[in-house]
Structure formats: structure tokens, C-alpha cells
Amino acid sequence: MTKILLLHGPNLNLLGTREPEVYGSTSLEDINREVIAAGTKRGVEVRTFQSNSEGALVDALHEARAWADGVVFNPGAYTHSSVALRDAVAGTGLVVVEVHLSNVHAREEFRHKSLLAPVCVGQISGFGWRSYLLGLEAILGYLSGQ
Ligand code: DQA
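Quantities reported herein were computed from a predicted structural model and do not represent experimental measurements.

Caption draft 1: Main features of the pairing of strand β3 (residues 70-74). Of all five residues that make up β3, five are buried, and the element is covered over most of its length. As paired strands, strand β1 (residues 3-8) and β3 are joined by five bridges and run parallel to one another. If you follow His8 over to β3, its bridge partner there is Asn74. By the bridge criterion, three bridges tie β3 to strand β4 (residues 96-100) in an arrangement that is parallel. By the bridge assignment, Val72 is partnered in β4 with Val97.

Structure follows, in C-alpha cells:
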């Protein structure tokens with residue numbers, strides 16, 4: 001059975017109430033439920049984890065090496081700053097798709113640069129909570145060689 005880690009970075013635990021005009025009003029719990037359900041329909045196991053701490057996210061990537069076929073990852077603000085997370089993706093060799101709710105390229109200039117995108121399979125940005133469903137679709141297609 002294909003297994004996917006759905007990994008969420010800092011402040012994403014606040015989804016639903018956090019800047020709803022930017023990120024929408026869907027909670028993280030709802031997003032997790034939708035992605036797990038989409039996985040179940042495809043016979044795929046989706047496990048979820050969120051942390052506000054960079055080290056815990058690095059640890060989650062290291063641990064995922066032992067069980068996950070791929071990772072759908074919204075690194076939040078660490079996208080734009082974290083050499084440690086970039087090195088964790090590169091160093092583990094995991095298949096990772098980077099996702100964002102907002103279109104980071106249409107926002108402040110500091111959000112245009114992702115330190116992680118070059119070591120990910122690709123990036124999905126701007127489709128609200130559906131970015132995660134697209135991320136799941138993208139990683140499953142990639143893993144199956146389609
Ligand atoms: C985000 C975009 C980041 O720039 C921001 O820091 C976030 C959320 C998104 O999903 O749109 O925390 O990753």
C-alpha cells in the first residue's frame with residue numbers, strides 16, 4: 001500500500017481563523033480529513049503531522065524515510081528561510097511535493113523564493129485547501145510513473 005505523509009509547517013494549525021482572506025476558512029482538521037478521504041478512495045494511506053518547530057519537521061522527514069513513499073509538504077514560512085528543511089529533503093532523498101494555499105508568487109517578494117522547491121518534485125500554489133488534493137494527485141502520479 002502506498003503511504004504518504006501530509007506535513008504541515010508553522011502557523012498552519014491556525015487555519016480556519018488565520019487571515020481567512022488569504023488562506024480561506026477551512027481548518028487544518030478539515031483539510032486532513034479531505035486528504036485522508038481522497039487517499040482512502042485511491043487505496044492510499046495518508047498520515048498527517050503539523051509542527052511549528054523547524055527541528056520537529058526535520059525529525060518528521062527523517063522518520064518518514066522508514067515508512068513513507070512520499071511527502072506532501074506545506075513548509076509555511078520556513079519555505080522562504082529554512083536551509084535545514086531543504087537539506088532534510090535533499091538528504092533523505094524523499095519524494096516531496098511542496099504545496100501552498102496562497103499563490104506565493106503573487107504576494108510579497110520575500111515569498112517568491114522557495115529554498116525547498118529546487119529539491120522537491122514540484123510546487124503547487126494558489127488553490128486554497130484544494131492545493132493539498134492536487135498535491136496528493138501529483139505525488140501519486142509521480143510515484144506511479146505517469
Ligand atoms: C503558505 C505561504 C507562506 O508564505 C506562509 O508563510 C504560510 C502559508 C501558504 O500555504 O500559502 O505560512 O505556505
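Having seen it, we continue.
Caption draft 2: Just unusual backbone geometry, in detail. Positive phi is not limited to glycine here, since Asn11 has a value of about 75°. With respect to the helices and strands, Asn11 occurs in the loop between β1 and α1 (20-23). At Glu19, a position not held by glycine, the phi torsion is positive, near 35°. Its place among the elements puts Glu19 in the loop between β1 and α1.

Caption draft 3: Spotlight on the site of the ligand. Close contacts around the ligand come from Arg18, Tyr23, Asn74, Gly76, Ala77, His80, His100, Leu101, Ser102, Val104 and Arg111, and that covers them all. One of the side-chain N or O atoms of His100 is found 2.7 Å from an oxygen atom in the ligand. In this structure, an oxygen atom belonging to the ligand sits 2.9 Å away from a side-chain N or O atom of Arg111. Contact with the protein chains hides 98% of the accessible area of the ligand, taken as 320 Å² for the molecule alone. More than half of the atoms belonging to the ligand lie within 2 Å of the grid points that define the largest pocket. Along the lines of polarity and charge, the residues of the shell around the ligand split into four nonpolar, five polar and two charged.

Caption draft 4: Focus on the layout of surface pockets. Approximately 150 Å³ is the volume attributed to the largest pocket. In this structure, the largest pocket is lined by 16 residues; those nearest its centre are Tyr23, Gly76, Ala77, Arg107 and Arg111. Here the lining of the largest pocket is built from residues that sort into six nonpolar, seven polar and three charged.

Caption draft 5: Spatial organisation of the environment of Pro75. Looking at where Pro75 falls in the secondary structure, it is placed in the loop between β3 and α4 (83-92). Since its relative accessible area comes to 0%, Pro75 is described here as buried. When the C-alpha positions of Pro75 and Leu28 are compared, they lie 14 Å apart, and in sequence the two are 47 residues distant. Ignoring any residue separated from it by four or fewer positions in sequence, one finds Pro75 in contact with Gly9, Pro10, Glu98, Val99, His100 and Leu116.

Criteria and cut-off values
- Residues numbered from 1 in each chain as written.
- Predicted model: local features only at pLDDT ≥ 70, side-chain atom pairs only at ≥ 80, totals over all residues.
- Heavy atoms only, no water.
- Buried < 20%, exposed > 50% of the residue type's maximum accessible area, 1.4 Å probe, protein only.
- Helix = DSSP H or I, 4+ residues; strand = E, 2+ residues; numbered from the N terminus.
- Pairing = 2+ DSSP bridges.
- Near = heavy atom within 4 Å.
- Polar contact = N/O pair within 3.5 Å; in protein donor to acceptor, adjacent residues only side chain to side chain.
- Areas by Shrake-Rupley, 256 points an atom, 1.4 Å probe, with all protein chains shown as cover.
- 1 Å grid on protein atoms, 1.4 Å probe; cavity = no way out; pocket = protein on both sides within 12 Å on 5 of 7 lines; lining within 4 Å.
- Sits in = over half its atoms within 2 Å of the grid points.
- Nonpolar A, V, L, I, M, F, W, Y, C, P; charged D, E, K, R; others polar.
- Points joined across faces, edges and corners; volume = space filled by probe spheres on them.
- Contact = heavy atoms within 4.5 Å.

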